[in-house]
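A structural walkthrough
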Amino acid sequence: MIISDELLQKLSLAKHVMVLTGAGISAESGVPTFRGTNGLWSKLSPEELASFDAFLKNPELVTEWYKQRREIARDARPNTAHLALVEMESMFPDFTLVTQNIDNLHRRAGSKNIVELHGNMEKNYCIGCGKRYDGDVFEMIGSFRCEKCGGLIRPDIVWFGEMLPPDAWDSAEGAARGAEAIFVVGTSAVVYPAAELPLTVKRNGGKLVEVNIEATPLSGSADASFIGPASMILPEIVNKIRELRGAAGRTT
Ligand code: BJW
Ligand code: ZN
């Protein structure tokens with residue numbers, strides 16, 4: 001792990017810290033990423049499955065696709081990268097974990113202050129009346145039609161061209177404006193507005209640390225860029241910070 005002592009020292013003394021995660025952090029738990037050679041979209045087109053138009057055209061197919069992905073995520077276990085972020089949360093007085101993932105693994109790992117930018121695959125709502133259905137809706141009511149109004153029930157996630165949940169976006173942007181450091185983990189950083197957040201942190205004088213198995217469009221702006229699996233790198237970073245904070249006598 002190559003990181004300057006000066007940067008490590010700064011990170012260990014920070015009070016306001018945020019993390020932005022993407023699909024790569026769950027890859028080692030067996031949840032597929034989107035882009036890249038084995039990504040979901042190397043075989044399937046997002047326009048056909050992950051858009052509102054696709055859903056209206058073929059709700060059965062889209063519902064079934066999310067059901068399969070929900071099963072994969074439910075069978076998956078949080079890995080050491082998710083767990084390292086739980087420990088990181090306990091180290092800093094103000095810590096925000098912003099995730100683009102919809103797989104629930106951060107919550108299952110034990111992270112608390114989570115902002116879900118792209119929704120959550122365990123939640124659904126009716127496009128007719130807004131009634132909410134949590135969990136596997138087809139299992140629960142035997143249909144993907146709302147029991148109240150007959151409208152289609154869709155997953156509560158953000159497809160391309162859709163707005164992010166305003167509260168989630170406000171929290172994420174607020175955290176980015178005040179963050180002394182952001183750790184960006186396992187995201188290709190090509191999807192906006194999420195990819196804006198690290199740049200907002202930098203513009204406001206914060207440090208950017210990236211963890212990914214390959215370079216991304218953000219790498220050039222990073223103060224430290226770790227190329228390697230998040231499950232190995234994040235626990236190492238957390239250990240280093242813990243040591244330094246211990247040496248400085250800090251608890252939170
Ligand atoms: C590892 C690893 C290991 C692997 N360890 N690392 C500005 C400029 C250009 C375009 C736009 C813009 N503003 C908005 C747009 C349009 C659009 C957009 O961004 N398009 C670009 C792609 C061109 N954005 C939107 O439409 C957003 N809405 C919006 O902006 O609303 C306002 C608006 C309204 C109306 C009109 C216009 C604007 C919504 C974006 C919603 C994204 N939704 C998805 C699908 C969710 C549903 C589902 O899951 O099916 O969210 S897209 C998909 O990408 C998913 C992810 O959350 C998101 C990000 O992907 P992520 O997490 O980065 O995964 P990958 O696969 O891309 O990368 C994995 C990374 O991990 C790689 O780098 C690997 O190397 C790494 N890795 N193993 C560490 N072990
Ligand atoms: Zn309804």
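Residues numbered from 1 in each chain as written. Chains lettered and ligands numbered in written order. Predicted model: local features only at pLDDT ≥ 70, side-chain atom pairs only at ≥ 80, totals over all residues. Heavy atoms only, no water.

Moving on: the domain arrangement of the chain. What the domain assignment lists for the chain is domain 1 (1-31 + 78-118 + 164-252) and domain 2 (34-75 + 122-157). The interface is formed by 13 residues belonging to domain 1 together with eleven residues belonging to domain 2. Taken together, the two surfaces of domain 1 and domain 2 that pack against each other cover about 730 Å², and 57% of this comes from carbon and sulfur. The interface formed by domain 1 and domain 2 contains zero salt bridges. Where domain 1 packs against domain 2, one counts one residue pair in polar contact (both at pLDDT 80 or more). For the side of domain 1 that touches domain 2, a count of residues per class yields six nonpolar, four polar and three charged. (Domains from an automatic or database assignment. Contact = heavy atoms within 4.5 Å. Buried area = accessible area lost by both parts, 1.4 Å probe. Salt bridge = Lys/Arg side-chain N within 4 Å of Asp/Glu carboxyl O. Polar contact = N/O pair within 3.5 Å; in protein donor to acceptor, adjacent residues only side chain to side chain. Nonpolar A, V, L, I, M, F, W, Y, C, P; charged D, E, K, R; others polar.)

Take helix 1 (residues 5-13) next. Given 3.6 residues to a turn, an α-helix orients residues that are three or four positions apart in the same direction. If you check which residues of helix 1 are buried, you get Leu-7, Leu-8, Leu-11 and Ser-12. Down the axis, helix 1 shows its buried residues gathered within 135 degrees of arc, on one side only. In helix 1, the exposed positions angled more than 90 degrees off the buried face are occupied by Asp-5 and Glu-6. Among the structural elements, strand 7 (181-185), strand 8 (207-212), strand 9 (224-227) and helix 12 (230-247) are those in contact with the buried residues of helix 1. (Buried < 20%, exposed > 50% of the residue type's maximum accessible area, 1.4 Å probe, protein only. Helix = DSSP H or I, 4+ residues; strand = E, 2+ residues; numbered from the N terminus. Arc of directions from axis to C-beta.)

Where strands meet in a sheet, backbone hydrogen bonds hold them as pairs that are either parallel or antiparallel. On the basis of which strands lie adjacent, the open sheet formed by six strands has the order 3-2-1-7-8-9 and parallel pairing. The open sheet has two edge strands with one neighbour each: strand 3 (114-116) and strand 9. Within this sheet the neighbouring strands show an average axis-to-axis angle of 15 degrees, counted without direction. Bridge count for strand 7 against strand 8 is five bridges, and the pairing is parallel. Residue pairing in the sheet places Ile-182 in a bridge with Leu-208 of strand 8. The strands touched by helix 1 are strand 7, strand 8 and strand 9; relative to strand 8, the strand with the most contacts, the crossing angle is about 100 degrees. (Pairing = 2+ DSSP bridges. Axes fitted to C-alpha atoms, helices over the stretch in contact; angles between N-to-C directions.)

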